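# Examination of the molecular architecture
These are the residues of each chain, in order.
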Amino acid sequence: MPARTLGDKPMTNAQRQARHRAARATARPVSHYRRAADRRSRAQRWRDAVAELVALQAEYRAWLEALPDSLQDGATAQALQAIDELDFDELEAIEPPRGFGRD
């Protein structure tokens, strides 16, 4: 890879570092952080996901019940009705395997 140039001759290390620092100073500060690792088991994540679905369904049911009569025949009402009719009982009854002989 050819050396970067500043004009007709290659930049020195000090020039390269100065250019880098100047570019970083004008840019928005970058903060790097890791997202916390999810330490829940698959079974617990499954139960949490199903619980979240049930909670969302309850919110959509409340929204459907609060819709004015003028919007009861619209696309929004139809979508909310379809969500309300979903049956999550089977999903709630499923107990995922623990795996590795711990069943």
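For the structure given in this document, a descriptive report is provided here. As the structure is a computational prediction, the values presented were derived from the model and not from experiment. (Residues numbered from 1 in each chain as written. Predicted model: local features only at pLDDT ≥ 70, side-chain atom pairs only at ≥ 80, totals over all residues. Heavy atoms only, no water.)

### Describing the overall build of the protein chain
- Across its full length, the protein chain holds four helices and two strands.
- When the helices and strands of the protein chain are placed in sequence order, the string is β-β-α-α-α-α.
- Sequence separation of at least 24 residues holds for 38% of the intrachain contacts in the protein chain that already meet a minimum separation of 6.
- Of the roughly 9400 Å² of accessible surface on the protein chain, a fraction of 53% belongs to carbon and sulfur atoms. (Helix = DSSP H or I, 4+ residues; strand = E, 2+ residues; numbered from the N terminus. Contact = heavy atoms within 4.5 Å. Areas by Shrake-Rupley, 256 points an atom, 1.4 Å probe, with all protein chains shown as cover.)

### Description of the pattern of salt bridges
- A full pass over the atoms with the stated rule returns four salt bridges.
- As a salt-bridge pair, Asp38 and Arg40 come within 2.9 Å of each other at their nearest N and O atoms.
- Look at Arg40 and you get partly exposed, because its relative accessible area is 36%.
- Ionic pairing is found between Asp48 and Arg40, a salt bridge with its closest N-O pair at 2.4 Å.
- What makes Asp48 partly exposed here is its relative accessible area of 30%.
- Several salt bridges converge on common partners, so that one network encompasses Asp38, Arg40 and Asp48. (Salt bridge = Lys/Arg side-chain N within 4 Å of Asp/Glu carboxyl O. Buried < 20%, exposed > 50% of the residue type's maximum accessible area, 1.4 Å probe, protein only.)

### Some thoughts on the packing of helix H2 (residues 42–66) against helix H3 (residues 75–85)
- Closest axis-to-axis distance for the H2/H3 pair is 9 Å, and the angle between their directions is 140°. On the basis of their axis angle, the class for H2 and H3 is oblique. By crossing handedness, the relation of H2 to H3 is classed as left-handed. Here Gln57, Tyr60, Arg61, Trp63 and Leu64 of H2 lie close against H3, whose contacting residues are Thr76, Ala77, Leu80, Gln81, Ile83 and Asp84.
- Looking at the contact of H2 with H3 residue by residue, the class counts come to six nonpolar, three polar and two charged. (Axes fitted to C-alpha atoms, helices over the stretch in contact; angles between N-to-C directions. Parallel < 35°, antiparallel > 145°, perpendicular 65-115°, else oblique. Left-handed = near helix turned anticlockwise from the far one by under 90°. Nonpolar A, V, L, I, M, F, W, Y, C, P; charged D, E, K, R; others polar.)

### A short note on the side chain of Gln57
- Take Gln57: it is sitting in helix H2.
- Residue class for Gln57 comes out buried when judged on its relative accessible area of 8%.
- If we skip the residues at most four places from it in the chain, Gln57 touches Ile83, Asp84, Leu86 and Phe88.

### Here we look at a nonpolar patch on the surface
- A grouping of Leu56, Tyr60 and Trp63 is seen on the molecular surface, where their side chains present a nonpolar patch of about 260 Å² in accessible area.
- Its place among the elements puts Trp63 in helix H2. (Patch = residues over 30% accessible without salt bridge, like charges linked within 9 Å, V, L, I, M, F, W, Y side chains within 5 Å.)

### Thoughts on the environment of Leu56
- Topologically, Leu56 is positioned in helix H2.
- Remark: the alpha-carbon pair of Leu56 and Asp84, spanning 28 residues in sequence, is separated by 9.8 Å.

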